[in-house]
Amino acid sequence: MRARIVVLTLVACGLAPSLLPAQQTGLGNHVDGLVNRQIDSLVATYKNLHSNPELSGHEEKTSAFVANQLQSLGYSVTERVGKYSRPEWVGYGVVGVLKNGSGPTVLVRTELDALPVEEKTGLPYASKVRTKDDSGQDVGVMHACGHDVHITSLLGTAKTLVELKDRWHGTLLLIGQPAEEAIGGAKAMLDDGLYTRFPRPDYALALHDSNDLEAGKVGYSSGYALASSTSVDIIIRGIGGHGSRPESTKDPIVVAAQVILALQTIVSREKPAQDPAVVTVGSIHGGTKHNIIPDEVRLQLTVRAYQEETRQKILASIDRITKGIAAAAGIPEDRAPIVKVSATEYTPATYNNPELTRRVMDSLEKALGAANVVEVPPIMASEDFGNFGLSGQIPTLIFWLGAVDAAALAKSKQTGVPLPSLHSSLFAPLPEPTLRTGVKAMTVAVLELMGGKASRQSAVGSRQ
Ligand SMILES: [Zn+2]
Ligand SMILES: [Zn+2]
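Just so it is clear, the structure is predicted and the values come from calculations on it, not from any experiment.

Caption draft 1: Expanded view of the coordination of the zinc ion (ligand 2). Distances from the zinc ion (ligand 2) to its protein donors, namely Cys145 (SG), His147 (NE2) and His208 (NE2), fall within the range 2.1 to 2.3 Å. In terms of primary sequence, the donors binding the zinc ion (ligand 2) are separated according to C-x1-H-x60-H. In this model, the zinc ion (ligand 2) sits 3.1 Å from the zinc ion (ligand 1), the two metals being bridged by cysteine 145. Here histidine 147 is found in helix α3 (residues 147-163), whereas its partner histidine 208 is found in strand β7 (residues 203-214), with 61 residues between them in sequence. In terms of burial, histidine 147 and histidine 208 fall into one category: buried.

Encoded structure:
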């Protein structure tokens, strides 16, 4: 998201717009009016959520609040949707369904969870919450990824779409997803029957705030938008001994050092440069003392890629290189490295269906103004939103919501000093303009997909 933003100017070439600009502008103005009426309450909701964050897997109050709000708007609400691989974890997913005649089913997602970060923004509504994390450590808690922006935008969209019920037909599926930061909440909801107990969506939409876009703008990537993420654990087993007598050992620390450097050749030498990927060794632990050669060294890796085939090749290369270097060092077969690809710490790449992206962005350009809709490069960060697409069976789209002050961003680009990023203890989105655009953009996106011809004509007719 730090990368340069490319303003796309030739967006609508050759595509038949689904609405005439004047009509869509009218709709945009109408949505503005509805958002205006609720903006004070949205900002209050946002500040309240911001002051009361909950960690991944512990979203009890947040989910109850979302459920309550959706219920009061007339949605049929189910709570505690989510089944994790560890049965003791409670799934705090919320599903709100609003049926409004026949038409497509559209899913809109917000995440519910916050991060173990001690807030240092100094804002009057800053979080002062502290809690114990799952390992028993005392931590501060903060909505440092802006999921409170997303929750509030979803609630504003929920209300606006109720007020615009004569303009769309179909089934709206609004979901509050737990444990996005822990990568597991989307899968937990699907594993708990999200698409069997509730209507299966024809489209899935989400937004995410950005510290690299001005409030009032949205950004998008067509095709791959975020990478897949896979955790890999490696145990390099050697034969320990006295630090003064390496000849009587097989030193796993030296092998680990060679493995780490050799792993860097996977991205640089084993795949085409046009196909991005990352292999990062984020953790290395081995040994206890200066003069002891240990028995083993443990590495923790994250692997990022867009294409599934590339991901599989990288994982195979990690296994081959690690075992090959150990063998070259003379480590016996029965002490070969253990390379374990995590089954749970994995999320697929997030793919923005190009046709869906084009359709929604065309409608957003008309509603927000073309200058406020910008194409941005894809990033190697990950999201578990991609799960909702069931490997391409359901078209998905996540877009970026500008959340920072335009002047501050311009200054940061000029000076090269970056603004506080997502997950920073200083990340402070601008509430009002961000929420206005979040609600408007998501409302317009849903109307584009659900505002079938009949409802458009009657809406246009009613104004004539
Ligand atoms: Zn995050
Ligand atoms: Zn996030």
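Here the narrative resumes.
Caption draft 2: Here's a closer look at the environment of proline 395. By the element assignment, proline 395 lies in the loop between β17 (373-375) and β18 (396-404). Counting along the chain gives 193 residues from proline 395 to aspartate 202, while the straight-line C-alpha distance between them is 7.1 Å.

Caption draft 3: A look at unusual backbone geometry. A positive phi is found at serine 391, a non-glycine position, where the angle reads about 50 degrees. When you line up the elements, serine 391 lands in the loop between β17 and β18. Exposure remark for serine 391: the relative accessible area of 81% places this residue in the exposed category.

Caption draft 4: Summary view of the coordination of the zinc ion (ligand 1). Taken together, the protein donors to the zinc ion (ligand 1) comprise Cys145 (SG), Glu181 (OE), Glu181 (OE) and His423 (NE2), at separations of 2.0 to 2.7 Å. Of note is the zinc ion (ligand 1), whose four donor atoms meet at the metal with angles of 52 to 149 degrees in an arrangement that counts as irregular. In the primary structure, the donors to the zinc ion (ligand 1) are separated according to the pattern C-x35-E-x241-H. On the basis of relative accessibility, which here comes to 7%, the residue cysteine 145 falls in the buried class.

Caption draft 5: Representation of the sheet that holds β7. With mixed pairing, eight strands are arranged side by side in an open sheet as β1-β2-β6-β3-β7-β18-β8-β17. Both outer strands of the open sheet, β1 (76-81) and β17, are each paired with one neighbouring strand and no more. Each strand axis lies, on average, 25 degrees off the axis of its neighbour in the sheet, ignoring direction. Looking at chain direction, strand β3 (residues 105-111) and β7 are connected through four bridges and run parallel. Bridge assignment links valine 108 to a residue of β7, and that residue is leucine 205. Across the sheet, α3 lies against β2 (93-100), β3, β6 (170-177), β7 and β18, angled at about 150 degrees from β3, the strand it touches most. Helix α8 (residues 406-415) contacts β7 and β18 of the sheet and is inclined by roughly 65 degrees relative to β7.

Caption draft 6: A look at the sheet that holds strand β15 (residues 338-347). A sheet is described by the order of its strands in space; here four strands give the open sequence β12-β14-β10-β15, paired in antiparallel fashion. Pairing within the sheet leaves two strands with one partner each, and these edge strands are β12 (277-286) and β15. Direction aside, neighbouring strands of the sheet carry axes that sit 20 degrees apart on average. Bridge count for strand β10 (residues 228-237) against strand β14 (residues 296-305) is ten bridges, and the pairing is antiparallel. Considered in β14, the bridge of serine 229 is made with arginine 304. Sheet strands in contact with helix α5 (residues 252-269) are β10, β12 and β14, and its direction is about 170 degrees off that of β12. Taken strand by strand, helix α6 (residues 308-328) contacts β10, β12, β14 and β15, and its axis lies near 10 degrees from that of β10.

Cut-off values and rules
- Residues numbered from 1 in each chain as written.
- Chains lettered and ligands numbered in written order.
- Predicted model: local features only at pLDDT ≥ 70, side-chain atom pairs only at ≥ 80, totals over all residues.
- Heavy atoms only, no water.
- Donors = N, O, S within 2.8 Å, 3.2 Å for Na, K, Ca; no water.
- Helix = DSSP H or I, 4+ residues; strand = E, 2+ residues; numbered from the N terminus.
- Buried < 20%, exposed > 50% of the residue type's maximum accessible area, 1.4 Å probe, protein only.
- Tetrahedral: all angles 85-135°; square planar, octahedral: opposite > 155°, others 65-115°.
- Pairing = 2+ DSSP bridges.
- Axes fitted to C-alpha atoms, helices over the stretch in contact; angles between N-to-C directions.
- Contact = heavy atoms within 4.5 Å.

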